[in-house]
Amino acid sequence: MEMSMIEKTQEQLANAGLIAVVRAKGMEAADDAIHRLIDKGITAIEITYTTPGASELIAKFAKMDGLLVGAGTVTEGLQAREAADAGAKFIVSPGFSGELADEAASLDAFFIPGVITPSEIMEAVSKGFRILKLFPGGTSGISYMKNLAGPFPDIRFIPTGGIHPGDVEKWLDAGALAVGVGSQLDKVSAEDLQRIFQRRI
Ligand code: 3PG
């Protein structure tokens, strides 16, 4: 059976392992940051909606071969629609909103709502979601994610927030589908990142 676009995106995120979260004060700074990430070998990028010109940046980089581009910090249905129209293949929210989830379900993009508590997970599950952003994952820690696997064995998490690239492998080994890394990506070189990626092969 042929994979749907959303299933394909899910697989691409899992293969990437690391999702680079881009949050910048201006469009030019974001553009520069994305180019630096591409030079470092990053293949999945989440452009957050606190970044000015997020939709334009998504439209620009979504056209690039070999790069999976999504939207982040999406909190309203209108943003989700704009992001999907701009070409975002995945849409990430920091939290769970039923209204946003309903809107996102009508779009041709992989929607990943954010959760941190068991009650939020139950709400997301009731709406049919199985892949959830765990935010702030780094603050909660790997043991927190492992504890959630007891009552929620079918859920895969994408922990994000406060995670160092050097710890990505540990999260993946603990069962994360992929890991979101933002500000701390600046601290590592392309060589460091290559070492992180190579350990996974
Ligand atoms: C964010 O909200 O910017 C992302 O969760 C990334 O967080 P980080 O910069 O702490 O990695």
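Reading the values: rules and limits
Residues numbered from 1 in each chain as written. Predicted model: local features only at pLDDT ≥ 70, side-chain atom pairs only at ≥ 80, totals over all residues. Heavy atoms only, no water. Helix = DSSP H or I, 4+ residues; strand = E, 2+ residues; numbered from the N terminus. Rg over C-alpha atoms; globule rule 2.2 N^0.38 Å. Buried < 20%, exposed > 50% of the residue type's maximum accessible area, 1.4 Å probe, protein only. Contact = heavy atoms within 4.5 Å. Areas by Shrake-Rupley, 256 points an atom, 1.4 Å probe, with all protein chains shown as cover. Lys, Arg positive; Asp, Glu negative; His and termini not counted. Charge placed at Lys NZ, Arg CZ, Asp CG, Glu CD. 1 Å grid on protein atoms, 1.4 Å probe; cavity = no way out; pocket = protein on both sides within 12 Å on 5 of 7 lines; lining within 4 Å. Points joined across faces, edges and corners; volume = space filled by probe spheres on them. Nonpolar A, V, L, I, M, F, W, Y, C, P; charged D, E, K, R; others polar. Near = heavy atom within 4 Å. Polar contact = N/O pair within 3.5 Å; in protein donor to acceptor, adjacent residues only side chain to side chain. Sits in = over half its atoms within 2 Å of the grid points.

Undergrad: Looking at this model, I keep getting lost on the overall build of the protein. Mind explaining?
TA: Each helix and strand counted, the protein has 10 helices and nine strands in total. The globule rule puts the C-alpha radius of gyration for 201 residues at 17 Å, and the 16 Å found for the protein is close to it. Principal-axis analysis of the C-alpha atoms gives the protein an extent of 40 × 40 × 35 Å. Burial status across the protein gives 47% buried among its 201 residues. Residue pairs at least 24 apart in sequence account for 56% of intrachain contacts in the protein once pairs closer than 6 positions are excluded. Total accessible area on the protein is roughly 9,700 Å²; 51% of this is exposed by carbon and sulfur atoms. Computed over 19 positive and 26 negative side-chain charges, the separation of the two mean positions in the protein equals 5 Å.

Undergrad: Got a minute to help me understand the environment of Met5 in this structure?
TA: Looking at the secondary structure, you find Met5 in helix H1 (residues 5-16). For Met5, a relative accessible area of 28% translates into the label partly exposed. If we ignore the near neighbours within four places in the chain, the residues touching Met5 are Lys89, Asp108 and Ala109.

Undergrad: So what exactly am I meant to see when it comes to empty space enclosed by the protein here?
TA: Any empty space left between atoms is shown by rolling a water-sized probe over those atoms. Here the structure, examined in full by the defined rule, presents one cavity of 30 Å³ or more. Space inside the largest cavity adds up to approximately 50 Å³. Lining the largest cavity, in full, are Ile19, Glu46, Phe90, Val92, Ile112, Lys133, Ile158, Thr160 and Gly180. Split by residue class, the lining of the largest cavity holds five nonpolar, two polar and two charged.

Undergrad: I'm lost on the site of the ligand in this one. Help?
TA: Around the ligand lies a shell formed by Val21, Arg23, Phe135, Thr160, Gly161, Gly162, Val181, Gly182 and Ser183. Note that an oxygen atom of the ligand is positioned 2.8 Å from one of the backbone N or O atoms of Gly182. Protein burial of the ligand: of its 310 Å² of free accessible surface, 82% is covered by the chains. Most atoms of the ligand, that is more than half of them, are within 2 Å of grid points of the largest pocket. Tallied by class, the residues present in the shell around the ligand amount to three nonpolar, five polar and one charged.

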